[in-house]
Amino acid sequence: MTEDHGNLQAIPDQKPVRIFLPIIDTVERYRASCVLEKTASPAFKLLFKPGALPVDSIDRAEACYITVDVGGVTTSIEAMIDDIPNDQTLNMVVEKSFSHDQLREFFRVDAQTSVISSSFLPEFYNEKGEPWSLQGKTIDISGSGLLASFNAKPPVDKQVKLQLTLPTPEQETVTLLAHPVRAHQISDDNYEVAYHFDDISTEDRDKIIGWCLIIQRRLLRLKVQVKEPVSK
């Protein structure tokens with residue numbers, strides 16, 4: 001993370017962006033699309049369609065996260081709400097900006113959920129020409145990849161289809177294409193494989209990042225509770 005505002009300056013004016021808004025009394029993040037309007041850095045505005053902004057539910061004490069695709073690279077900034085002048089506008093101030101590599105690590109969290117790795121084209125079937133599929137559990141996950149554990153070794157030289165279940169209230173399922181970047185045998189029936197996402201929709205990536213933010217917020221609240229002195 002950096003304290004400069006270079007990522008804000010790199011975003012074109014009137015650029016469509018996505019925001020993850022903190023909501024009062026919940027760790028859930030509200031995802032919304034909006035337009036970034038530049039003012040005087042580090043300040044900027046976010047403009048929403050009528051009815052898209054849950055004004056009364058926004059937790060203004062928490063940071064917001066804005067992501068945008070700039071030239072094929074995901075850029076992100078952390079910002080605080082300075083003012084809500086109306087039900088379609090947020091006046092924002094940048095707190096921190098993230099490079100692509102920093103963004104990937106920032107949104108990486110330890111999380112366990114179901115993941116299925118499988119073949120997706122005939123040429124990637126097993127040696128007998130049959131489709132294959134392995135169910136495992138994630139160890140950690142980010143908006144660009146994940147580490148998963150399987151009880152058998154999946155192919156480590158082929159692109160695969162991953163089906164990821166996000167334990168949100170809606171129990172969302174994300175399907176994407178990925179390739180393995182490393183694999184380790186932990187024991188006779190335990191293999192850990194790291195995957196990088198190759199083909200994933202913007203909406204599905206937003207779902208994963210939103211889930212990562214939920215987990216991060218829970219962990220931060222836990223740390224606060226642990227550090228609070230015990231009353232006598």
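In this report, we go over the structure that sits alongside the text. (Residues numbered from 1 in each chain as written. Predicted model: local features only at pLDDT ≥ 70, side-chain atom pairs only at ≥ 80, totals over all residues. Heavy atoms only, no water.)

## Notes on the overall build of the protein chain
If you tally the helices and strands in the protein chain, you get 3 helices and 13 strands. Sorting the 232 residues of the protein chain into buried and exposed places 42% on the buried side. Summed over all atoms, the accessible surface of the protein chain reaches about 12300 Å², with 48% contributed by carbon and sulfur. (Helix = DSSP H or I, 4+ residues; strand = E, 2+ residues; numbered from the N terminus. Buried < 20%, exposed > 50% of the residue type's maximum accessible area, 1.4 Å probe, protein only. Areas by Shrake-Rupley, 256 points an atom, 1.4 Å probe, with all protein chains shown as cover.)

## Looking at the packing of aromatic side chains
Considering all chains together, one arrives at 1 aromatic pair under this definition. Measuring from ring centre to ring centre gives 6.5 Å for Phe150 and Tyr195, while their planes differ by 90°; the resulting arrangement is edge-to-face. Separated by 45 residues along the polypeptide, Phe150 in strand E10 (residues 145-150) and Tyr195 in strand E13 (residues 190-199) bring together distant segments of the chain. (Phe/Tyr/Trp six-rings, centres within 6.5 Å; stacked < 30°, edge-to-face > 60°.)

## Considering the environment of Ala194
With respect to the secondary-structure elements, Ala194 resides in strand E13. Along the primary structure Ala194 and Ile139 are separated by 55 residues, whereas in three dimensions their C-alpha atoms are 9.5 Å apart. Setting aside its immediate chain neighbours within four residues, Ala194 contacts Leu146, Leu147, His179, Pro180, Val181 and Arg182. (Contact = heavy atoms within 4.5 Å.)

## Focus: the side chain of Asp140
With respect to the element layout, Asp140 can be found in strand E9 (residues 133-141). In terms of polar contacts, Asp140 uses its side chain to reach the side chain of Arg108, at 2.9 Å. Those residues within four positions of Asp140 in sequence are excluded, and the remaining contacts are Arg108, Val109, Asp110, Ala111, Leu146 and Leu147. (Polar contact = N/O pair within 3.5 Å; in protein donor to acceptor, adjacent residues only side chain to side chain.)

## A short note on the environment of Ile66
With respect to the helices and strands, the residue Ile66 is situated in strand E4 (residues 64-70). Along the chain, Ile66 and Ala79 lie 13 residues apart, while their C-alpha atoms are 7.7 Å from each other. Every residue in contact with Ile66, bar those within four places of it in the chain, is listed here: Val17, Arg18, Ile19, Phe44, Leu46, Thr75, Ser76, Ile77, Ala79 and Met92.

## Quick look at the pairing of strand E5 (residues 73-86)
By the bridge criterion, 7 bridges tie E4 to E5 in an arrangement that is antiparallel. Residue pairing for E5: Cys64 is matched across the bridge by Ala79. Bridging between E5 and strand E6 (residues 89-98) involves 8 bridges; their strand directions are antiparallel. Each bridged residue has a counterpart across the sheet, and for Ile77 the counterpart in E6 is Ser97. Where E5 folds back onto E6 in an antiparallel hairpin, the turn is made up of 2 residues. (Pairing = 2+ DSSP bridges.)

## Some points on the pairing of E6
Buried residues dominate E6, accounting for 7 of its 10 residues. Pairing between strand E3 (residues 43-47) and E6: 5 bridges, direction antiparallel. The residue bridging Leu46 from the neighbouring strand is Leu90, located in E6.

## Concerning unusual backbone geometry
Residues Ser41 and Pro42 are joined by a peptide bond in cis, for which omega reads 15°. Mapped onto the fold, Pro42 is located in the loop between strand E2 (29-38) and E3. Of note in this structure, Gln14 is not a glycine but carries a positive phi near 60°. For Gln14, the position within the fold is in the loop between helix H1 (6-10) and strand E1 (15-22).

## What about the nonpolar core?
Membership of the largest hydrophobic core comes to 24 residues, with the highest contact counts inside it found for Ile141, Leu146, Leu162 and Ile208. Beyond its immediate sequence surroundings of up to four residues, Ile141 is in contact with Phe107, Arg108, Val109, Ala111, Leu146, Leu164, Ile208, Trp211 and Cys212. Counting residues in each nonpolar core, the second largest holds 23 residues, with Leu46, Phe48, Val68 and Ile77 among its members. (Core = buried A, V, L, I, M, F, W, Y, C linked by side-chain atoms within 4.5 Å.)

## Observations concerning the sheet that holds E4
As a general point, the strands of a sheet are linked pairwise by backbone hydrogen bonds and lie either parallel or antiparallel. One closed barrel holds the 6 strands; their spatial order is E1-E2-E3-E6-E5-E4, and the pairing between them is antiparallel. Direction aside, the axes of adjacent strands within the sheet are offset by 45° on average. In the sheet, E2 pairs with E3 via 4 bridges, with the strands oriented antiparallel. Looking at the pairing, Glu37 lines up with Lys45 of E3. (Axes fitted to C-alpha atoms, helices over the stretch in contact; angles between N-to-C directions.)

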